[in-house]
Amino acid sequence: QVQLVESGGGLVQPGGSLRLSCAASGIIFSMYAMSWYRQAPGKQRELVARIGRGGFTDYADSVKGRSTISRDNAKNTVYLQMNSLKPEDTAVYYCYAWKVGDLSGSWGQGTQVTVSS
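Predicted model, so just to flag it, every value in this text is computed and none were measured.

Asker: I'm lost on the packing of aromatic side chains in this one. Help?
Answerer: Between two aromatic rings, the relevant description is the distance of the centres plus the angle of the planes. Throughout the structure, instances matching the rule amount to 4 aromatic pairs. Seen from their ring centres, tyrosine 37 and tyrosine 96 are 5.8 Å apart, and the 80° between their planes marks the pair as edge-to-face. In this pair, tyrosine 37 sits in strand β4 (residues 33–39) while tyrosine 96 sits in strand β9 (residues 91–98), placing the two residues 59 residues apart along the sequence. Residue tyrosine 37 is classed as partly exposed on the basis of its relative accessible area, which comes to 21%. On the accessibility criterion, tyrosine 96 (16% relative accessible area) is buried. A centroid spacing of 6.3 Å and a plane angle of 90° characterise the contact between tyrosine 94 and tryptophan 107, whose relative ring orientation is edge-to-face. Separated by 13 residues along the polypeptide, tyrosine 94 in strand β9 and tryptophan 107 in strand β10 (residues 106–107) bring together distant segments of the chain. Owing to a relative accessible area of 14%, tyrosine 94 belongs among the buried residues under this scheme. Sitting over the face of the ring of tryptophan 107, arginine 45 holds its NZ or CZ atom 4.5 Å from the ring centroid.

Structure follows, in structure tokens:
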């Protein structure tokens, strides 16, 4: 049974930084592509960043240059380092795991990020 547990969210001032973590269990982590999504109030869930099994990364234009996704297969954890945070980054951030052959992936419970002065 896949379990994804996000942490690291919180309240931060504009221009600040946060590092989100997602710890996975119940899977062979190295076989999975991992992603971060976010959902702001009244908006659809959107992809923020993703990292493939081999380390290939991709970012939404809105966070490109300000965020870095990384993974530690030894710790079964994926990270999202976010810098120069803006109020529009305020959202619940979700971790998502998927591997080739799966009809659908698995979601974490989310962690709230609030950027406000």
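Asker: Which parts of the structure should I look at to understand the pattern of salt bridges?
Answerer: Under the counting rule described, the total for this entry stands at 6 salt bridges. Arginine 50 serves as the salt-bridge partner of aspartate 58, at 2.9 Å between the closest nitrogen and oxygen. Note on aspartate 58: relative accessible area 25%, which makes it partly exposed. Classification of arginine 50 as partly exposed rests on a relative accessible area of 40%. For aspartate 102, the salt bridge identified is with lysine 99, shortest N-O distance 3.2 Å. Classification of aspartate 102 as partly exposed rests on a relative accessible area of 23%. For lysine 99, a relative accessible area of 22% translates into the label partly exposed. Overlapping salt bridges bring together Arg38, Glu46, Arg66 and Asp89 as one network.

Asker: It is not clear to me how the nonpolar core should be interpreted in this structure. Could you clarify?
Answerer: One recurring pattern in soluble globular proteins is that nonpolar side chains are buried together. In this structure, Met34, Trp36, Ile69, Val78, Leu80, Met82 and Tyr93 are the most contacted members of the largest nonpolar core, which totals 29 residues. Mapped by element, the contributors of at least two residues to this core are β3 (18–25), β4, β5 (46–51), β8 (77–82), β9 and β11 (111–115). With near-sequence residues (within four places) excluded, methionine 82 lies in contact with Gly16, Ser17, Leu18, Leu20, Arg66, Ser67, Tyr93 and Val113.

Reading the values: the criteria
Residues numbered from 1 in each chain as written. Predicted model: local features only at pLDDT ≥ 70, side-chain atom pairs only at ≥ 80, totals over all residues. Heavy atoms only, no water. Phe/Tyr/Trp six-rings, centres within 6.5 Å; stacked < 30°, edge-to-face > 60°. Helix = DSSP H or I, 4+ residues; strand = E, 2+ residues; numbered from the N terminus. Buried < 20%, exposed > 50% of the residue type's maximum accessible area, 1.4 Å probe, protein only. Lys NZ or Arg CZ within 6 Å of the ring centre and 35° of its normal. Salt bridge = Lys/Arg side-chain N within 4 Å of Asp/Glu carboxyl O. Core = buried A, V, L, I, M, F, W, Y, C linked by side-chain atoms within 4.5 Å. Contact = heavy atoms within 4.5 Å.

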